[in-house]
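Below, each chain spelled out in residue letters.
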Amino acid sequence: MKYIDEFRDGGLARKLARTIAMEADPARAYRLMEFCGGHTHAIYRYGVQDLMPDNLKFVHGPGCPVCVLPMARIDQAIAMAVEHGVTLCTYGDLMRVPASERRSLLKAKAGGADIRMIYSTQDALTIARRNRERQVVLFAIGFETTTPPTAVALKVARAEGLGNFSVFCNHVLTPPALKTILASAGPDGVQLDGILGPSHVSTIIGSRPYEFVPAAFAKPVVIAGFEPLDVMQSTLMLVRQINAHRCTVENQYTRAVTRDGNAKAQALMDEVFAVRERFEWRGLGYLPASALRLADAYADFDAEQRFPVAPGHGKEIKGCECPSVLRGTMEPTDCKLFGTVCTPENPMGACMVSSEGACAAYWSYGRFRKKGSEPIMKKGSGPF
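What you see as residue numbers is a count from 1 along each chain, following the sequence as written. Residue-level local features of this predicted model are given only where pLDDT is at least 70; pairs of side-chain atoms are given and counted only at 80 or more, and the full residue set underlies all totals for whole chains, interfaces and linings. Only heavy atoms go into the side-chain values, all of them from the structure, while hydrogens and water stay out.

### Some thoughts on the side chain of S234
Next up, step 1: Its place among the elements puts S234 in helix α13 (residues 228–243).
Next up, step 2: Two residues qualify as a contact provided that any one of their heavy atoms is within 4.5 Å of a heavy atom in the partner residue. Those residues within four positions of S234 in sequence are excluded, and the remaining contacts are L196, V222, I223, A224 and Q252. In this description a helix means any DSSP run of H or I spanning at least four residues, a strand means any run of E spanning at least two, and both kinds are numbered starting from the N terminus.

### Describing the environment of K109
Next up, step 1: As for its position among the elements, K109 is in helix α7 (residues 105–110).
Next up, step 2: With 232 residues separating them along the chain, K109 and V341 place their C-alpha atoms 24 Å apart.
Next up, step 3: Ignoring sequence-local partners within four residues, the contact set of K109 consists of M95 and I115.

### Here's the deal with the side chain of E227
Next up, step 1: By secondary structure assignment, the location of E227 is in the loop between β8 (221–223) and α13.
Next up, step 2: In contact with E227, other than residues within four places in its own chain, are F7, R8, Y46 and R255.

### Overview of empty space enclosed by the protein
Next up, step 1: Using only the protein atoms, space was sampled on a 1 Å grid; points where a 1.4 Å probe fits but cannot get out form cavities, open sets with protein on both sides within 12 Å along at least five of seven lines form pockets, and lining residues are those with an atom within 4 Å of a point. Grid points are joined across faces, edges and corners, and a volume is the space filled by probe spheres set on the points. Applying the stated criterion to the full structure yields 3 cavities of 30 Å³ or more.
Next up, step 2: Around the largest cavity, the lining residues are C320, E321, C322, V325, C335, L337, F338, C342, M348, G349, M352 and C359.
Next up, step 3: A breakdown of the residues in the lining of the largest cavity according to their chemical character gives 10 nonpolar, 1 polar and 1 charged.
Next up, step 4: Considering only enclosed or pocket space, the second largest cavity measures out at about 60 Å³ in volume.
Next up, step 5: Taken together, 13 residues line the second largest cavity, and the ones lying closest to its centre are G61, L326, E356, G357 and A358.
Next up, step 6: Contributing elements (two or more residues each) for the lining of the second largest cavity: α3 (37–45) and α16 (322–327).
Next up, step 7: Under the scheme applied here, ten amino acids are nonpolar (Ala, Val, Leu, Ile, Met, Phe, Trp, Tyr, Cys and Pro), four are charged (Asp, Glu, Lys and Arg), and all others, including Gly, are polar. Split into classes, the residues belonging to the lining of the second largest cavity amount to 6 nonpolar, 6 polar and 1 charged.

### Examining the sheet that holds strand β5 (residues 136–142)
Next up, step 1: Two strands form a pair only when DSSP identifies at least two bridges running between them. Read across the sheet, 4 strands follow the order β4-β3-β5-β6 without closing on themselves; strand pairing throughout is parallel. Looking at strand neighbours, the two that pair on one side only are β4 (115–118) and β6 (165–171), the edges of this open sheet. Sheet twist, expressed as the mean angle between neighbouring strand axes with direction ignored, is 25 degrees.
Next up, step 2: Bridge analysis of strand β3 (residues 87–91) against β4 gives 4 bridges, and the strand direction is parallel. Considered in β4, the bridge of C89 is made with R116.
Next up, step 3: Here an axis means a line fitted to C-alpha atoms, over the contact stretch when the element is a helix, while the angle between two N-to-C directions is reported on a 0 to 180 degree scale. Of the strands in this sheet, β3, β4, β5 and β6 touch helix α5 (residues 71–83), which is tilted by about 170 degrees from β6.
Next up, step 4: Where helix α9 (residues 147–160) meets the sheet, its contacts fall on β5 and β6, and the angle it forms with β6 comes to roughly 160 degrees.

### Examining the packing of helix α2 (residues 10–23) against α13
The geometry of a pair of packed helices is captured by two quantities: the angle between their axes and the separation between those axes.
Next up, step 1: Running from N to C, α2 and α13 point in directions that differ by 15 degrees, and their axes come no closer than 10 Å. Taken together, the axis directions place α2 and α13 in an arrangement best described as roughly parallel. Note that α2 runs across α13; the crossing there is left-handed. Between α2 and α13, the residues in contact are L12, A13, L16, A17, T19, I20 and E23 and L229, M232, Q233, T235, L236, V239, R240 and N243, respectively.
Next up, step 2: Within the contact of α2 with α13, the residues separate by chemical class into 9 nonpolar, 4 polar and 2 charged. Just so you know how the angles are binned, under 35 degrees is roughly parallel, over 145 roughly antiparallel, 65 to 115 roughly perpendicular, and the rest oblique. Less than a right angle of anticlockwise turn of the near helix away from the far helix marks a crossing as left-handed, whereas a clockwise turn marks it as right-handed.

### Brief notes about the sheet that holds β8
Next up, step 1: If you trace the 5 strands from one edge of the open sheet to the other, you get β2-β1-β7-β8-β9, paired in parallel fashion. The outermost strands of the open sheet, each flanked by one partner alone, are β2 (56–60) and β9 (249–251). With strand direction ignored, the average angle separating the axes of adjacent strands in the sheet is 25 degrees.
Next up, step 2: Note: strand β1 (residues 30–34) against strand β7 (residues 194–197), 3 bridges, orientation parallel. Directly across from L32, in β7, lies its bridge partner G194.

### Remarks on helix α14 (residues 263–272)
Next up, step 1: Exposed residues in this analysis have more than 50% of their type's maximum accessible area, buried residues have under 20%, and partly exposed residues fall in between, with area computed by a 1.4 Å probe over protein chains only. Every buried residue of α14 is listed here: A265, L268, M269 and V272. One side of α14 carries all its buried residues, which in axial view fall inside an arc of 95 degrees. Exposed side of α14, more than 90 degrees from the buried face: A263 and D270 are the residues found there.
Next up, step 2: Where α14 is buried, its residues meet α9, α11 (200–205), β10 (273–275) and β13 (292–294). As used here, the arc belongs to the directions running from the helix axis to the C-beta atoms.

### Quick notes on the pattern of salt bridges
Once the charged atoms of two side chains with opposite charge are near each other, the side chains can pair.
Next up, step 1: The rule for a salt bridge is simple: a side-chain nitrogen of Lys or Arg has to be within 4 Å of a carboxyl oxygen of Asp or Glu. All chains considered together, the criterion is met by 17 salt bridges.
Next up, step 2: Of the charged contacts in the structure, one is a salt bridge between R208 and D260, with a shortest N-O distance of 2.4 Å. Of this pair, R208 sits in the loop between α11 and α12 (212–217) while D260 sits in the loop between β9 and α14; the two residues are 52 residues apart in sequence, bridging distant segments of the chain.
Next up, step 3: Here D296 ties to R293 by a salt bridge, and the two come within 3.3 Å at their closest N and O atoms.

### Points about the packing of helix α8 (residues 121–130) against α9
Next up, step 1: Packing of α8 against α9 leaves a shortest axis separation of 9 Å and a crossing angle of 25 degrees. Accordingly, the angle class assigned to the pair α8 and α9 is roughly parallel. Here α8 and α9 pass one another in a crossing that is right-handed. In this structure, α8 contributes T121, Q122, L125 and R129 to the contact, and α9 contributes P149, T150, V152, A153, V156, A157 and E160.
Next up, step 2: Here the contact of α8 with α9 is composed, by residue class, of 6 nonpolar, 3 polar and 2 charged.

Structure, rendered in structure tokens:
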């Protein structure tokens, strides 16, 4: 509890807030993108935005792997389960994400498909061991954080000779998405002054991969931890860089992140995966070298090759603004469906379903609109 108490201290938060307000130049705006969905939830769970000066705004980025997964990939997974009769293993968030024609994995399961919710890659391996007569497919998803566990599962499956186990790989890479966001920033895109770099991803890849941001785009980056005081200290670090016209990569999350990251995890990823030529991201389109596939040495465990299905072209539900939210050009409350047609019980888009989605954060922590007014907070959900 020591670290939790230290990084959620209300007194320290108020001191940090006063320092930020004092050092923020009232003559300019500070638009800081928190790339990671975990940061978005920390900001609104603890009321961090409410402690900031009026000219400092957090902009939500595409840092939720469930949210950026295009509908077509969910359609493919459903087709594998229905057409090939596989046992599809997936994580809880994915079960309710809308696919094409208002389908979902949960609805496919209700219709008779063998789709099972798991908590880890090891759960999928256990199912494969206990059901040797069934083909078991792991719907693997996530940024660099969750990629090493998938690599371990594949190595275990090979070592044990689990011929009935395969992986539908949807792992994506953070730096290409960040590069795309920054390349589209400007008058017609999102306005940004600095980046709060992701926490867990950076424990794997380190801070070095973000060094292209100040070099190519002249924007400062601060790798930030997940706790509210982490976010606030990182915000102060960005404000100071912006004020001093400095652009560099700084690491606030030094207790977990180094410049070079986790070499063992990176070696695992390099052994088991290869970079795809391109991959579709919801809201960002097709990005080159932005996702992983199974390496040729593990092609016999590739569910896309073992259970081919016709590629689909998923279409967003009319009125859903998830793509704009993921690009940072719109807030959840700007979407006409938010809180009306679209709720956690009846989600229209992935941003309302995922535990890291921006819309889910706004809903969970009371960021609703009153007609003709600014968003308000639920009673009892104020800062600290």
